[in-house]
Amino acid sequence: MSLDTVLAAGQALAAVHGAVDQTINAALYYGPGVLATAAIVTAWRTGQWALRRYDQWLHDRADRREYTARAYRLHQVADNANAVTALTDDDLIQYLDNKYAAADLANEGEER
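Just so we're clear, the structure is a prediction, and the values are computed from it rather than from any experiment.

Basis of the calculations
Residues numbered from 1 in each chain as written. Predicted model: local features only at pLDDT ≥ 70, side-chain atom pairs only at ≥ 80, totals over all residues. Heavy atoms only, no water. Helix = DSSP H or I, 4+ residues; strand = E, 2+ residues; numbered from the N terminus. Buried < 20%, exposed > 50% of the residue type's maximum accessible area, 1.4 Å probe, protein only. Areas by Shrake-Rupley, 256 points an atom, 1.4 Å probe, with all protein chains shown as cover. Expected span 1.5 Å × (residues − 1). Axes fitted to C-alpha atoms, helices over the stretch in contact; angles between N-to-C directions. Parallel < 35°, antiparallel > 145°, perpendicular 65-115°, else oblique. Contact = heavy atoms within 4.5 Å. Nonpolar A, V, L, I, M, F, W, Y, C, P; charged D, E, K, R; others polar. Phe/Tyr/Trp six-rings, centres within 6.5 Å; stacked < 30°, edge-to-face > 60°. pLDDT = per-residue confidence, 0-100.

## Section: the overall build of the protein chain
Per the secondary structure count, the protein chain includes three helices and zero strands. Reading the helices (α) and strands (β) of the protein chain from amino to carboxyl end gives α-α-α. With the C-alpha coordinates of the protein chain rotated into their principal frame, the extents come out at 90 × 50 × 15 Å. Within the protein chain, the fraction of its 112 residues that count as buried is 1%. Approximately 10,300 Å² of the protein chain is accessible, and the part contributed by carbon and sulfur atoms is 60%.

## A short note on helix α1 (residues 3-30)
The terminal C-alpha atoms of α1, which comprises 28 residues, lie 40 Å apart, in line with the 40 Å expected from a rise of 1.5 Å per residue. Of the residues trailing α1, glycine 31 is marked for its positive phi of about 100 degrees.

## Considerations on the packing of α1 against helix α2 (residues 32-85)
Their axes nearest at 7 Å, the elements α1 and α2 cross at an angle of 130 degrees. Relative to α2, the element α1 is oriented oblique. Contacts between α1 and α2 involve Thr23, Ala26, Ala27 and Tyr30 from the former and Pro32, Val34 and Leu35 from the latter. Residue composition of the contact of α1 with α2, grouped by class: six nonpolar, one polar and no charged.

## A few points about the packing of aromatic side chains
All chains considered together, the criterion is met by two aromatic pairs. Consider the rings of tyrosine 29 and tyrosine 30, whose centres lie 4.8 Å apart with planes at 85 degrees: the pair is edge-to-face. Just as tyrosine 29 is exposed, tyrosine 30 falls in that class too.

## Remarks on the environment of histidine 75
Positionally, histidine 75 belongs in helix α2. Sequence-wise, histidine 75 and tyrosine 95 are 20 residues apart; in three dimensions their C-alpha atoms are separated by 21 Å.

## A short note on the confidence of the model for the protein chain
The predicted model of the protein chain averages 85 in pLDDT, with 90% of residues at 70 or higher. Across the protein chain, α2 holds the top mean pLDDT of 90, while helix α3 (residues 89-101) sits lowest at 82.

The following block contains the structure:
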């Protein structure tokens, strides 16, 4: 254990001791009503913080799923492109001719 670790632990202990000391002083000076109110406010804020963290976790998880699905689709496109470009020249020309000779369903209702 290094000296820095010991010093950091001492500072943390001093901070906790100071917080407990201030809480005791507040209880003796202000009474239990103020402490109960402070505890309720602290619990409310902690609950709101936890709710925000959970909501952010859900959004991050949805983003990861969306990213994974997109990466999978791009991988499939790359595999298909590799399969098409691996064809011989004659087969590639035949593939492209068949692909572009098909009916254009996107412009189905338009007159040409």
